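# Observations on the model geometry
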Number of protein chains: 2
Amino acid sequence: MAENIADNITSKGERAIGENVVLIGKKPAMNYVLAVVTQFNGGAKNVKVRARGNAISRAVDVAEIARHRFVTDARVGTIEIGSEELSNEDGTTSKVSSIEITLSK
Amino acid sequence: MAENIADNITSKGERAIGENVVLIGKKPAMNYVLAVVTQFNGGAKNVKVRARGNAISRAVDVAEIARHRFVTDARVGTIEIGSEELSNEDGTTSKVSSIEITLSK
């Protein structure tokens, strides 16, 4: 799973390439809520909300706002937490926590 | 559940009164990891890690550090997310997200 997440991160770490995945970055939560709603409106049955580090809190906000306010027939499916190793610029590595919240219709 | 969480919050919002619950506040993650480890060493089979708002990211850190580094036979049980209403000092209310991660031996 760690590899997939890494593959989906752009240089700014804000968007995901994979289908039905919304990768949470540093923008306001509503930006990502819109992305979730758009994917459901496009026919997706499941949307995964992923985040690492400090963005984890925002991921929970996004899932809660999306399901309570916009996609009221969506429910929280599985929630997974994990750890990933990031390479720093000076060659060292640091561990960062991650979360993946699956919203399902 | 919202009421229970509110009951467990001290004025500083950092400790929980209920058994086997570690409520995450603004201190460094290792403080709360120690609390989790202490509860497991005291015989607890389940420890709940709870947080609201920005502390949610730290809650995931605490769960990950505790189970990978200190209580290696613990696994992540259920993870629940939710929303709670907080009363502001000016009488308005704001919504805040919450998480509860159950670690089980």
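Throughout what follows, the structure given in this document is the object of discussion. (Residues numbered from 1 in each chain as written. Chains lettered and ligands numbered in written order. Predicted model: local features only at pLDDT ≥ 70, side-chain atom pairs only at ≥ 80, totals over all residues.)

### Looking at the sheet that holds strand β4 (residues 93–104) of chain B
In a beta sheet, neighbouring strands pair by backbone hydrogen bonds and run either parallel or antiparallel. Residues and elements named next belong to chain B. One open sheet holds the four strands; their spatial order is β1-β2-β4-β3, and the pairing between them is mixed. Looking at strand neighbours, the two that pair on one side only are β1 (21–23) and β3 (75–87), the edges of this open sheet. In this sheet, adjacent strand axes meet at a mean angle of 20° when their direction is disregarded. Across eleven bridges, the pairing between β3 and β4 is antiparallel. (Pairing = 2+ DSSP bridges. Helix = DSSP H or I, 4+ residues; strand = E, 2+ residues; numbered from the N terminus. Axes fitted to C-alpha atoms, helices over the stretch in contact; angles between N-to-C directions.)

### Digging into the packing of helix α2 (residues 29–41) of chain A against helix α3 (residues 55–70) of chain A
Residues and elements named next belong to chain A. Following both chains from N to C, one finds α2 and α3 inclined at 55°, their axes separated by 9 Å at the closest point. The angle between the axes of α2 and α3 places the two elements in the oblique class. Helix-helix and strand crossings are classified by hand; for α2 and α3 the assignment is right-handed. Counting all contacts with α2, which are made through A29, Y32, V33, V36 and V37, the residues of α3 involved are R58, D61, V62, I65, A66 and F70. For the contact of α2 with α3, a count of residues per class yields nine nonpolar, no polar and two charged. (Parallel < 35°, antiparallel > 145°, perpendicular 65-115°, else oblique. Left-handed = near helix turned anticlockwise from the far one by under 90°. Contact = placed C-beta atoms within 7 Å. Nonpolar A, V, L, I, M, F, W, Y, C, P; charged D, E, K, R; others polar.)

### Side note on the sheet that holds strand β3 (residues 75–87) of chain A
All names here are of chain A. Pairing within the open sheet is mixed, and its four strands lie in the order β1-β2-β4-β3. In the strand order of this sheet, the two ends are held by β1 (21–23) and β3, each with one partner. Adjacent strand axes in the sheet meet at a mean angle of 20° when their direction is disregarded. Strands in contact with α2 are β1, β2 (46–52) and β4 (93–104); relative to β2, the strand with the most contacts, it is inclined by about 155°.

### Observations concerning the interface of chain B and chain A
Contact residues are listed per partner, giving 16 residues for chain B and 16 residues for chain A. If you list the elements that add at least two residues to the side of chain B that touches chain A, you get α3 (55–70), β3 and β4 of chain B. Considering every element that reaches the side of chain B that touches chain A, the biggest residue donor is α3(B), with seven residues. By residue class, the composition of the side of chain B that touches chain A is eight nonpolar, six polar and two charged.

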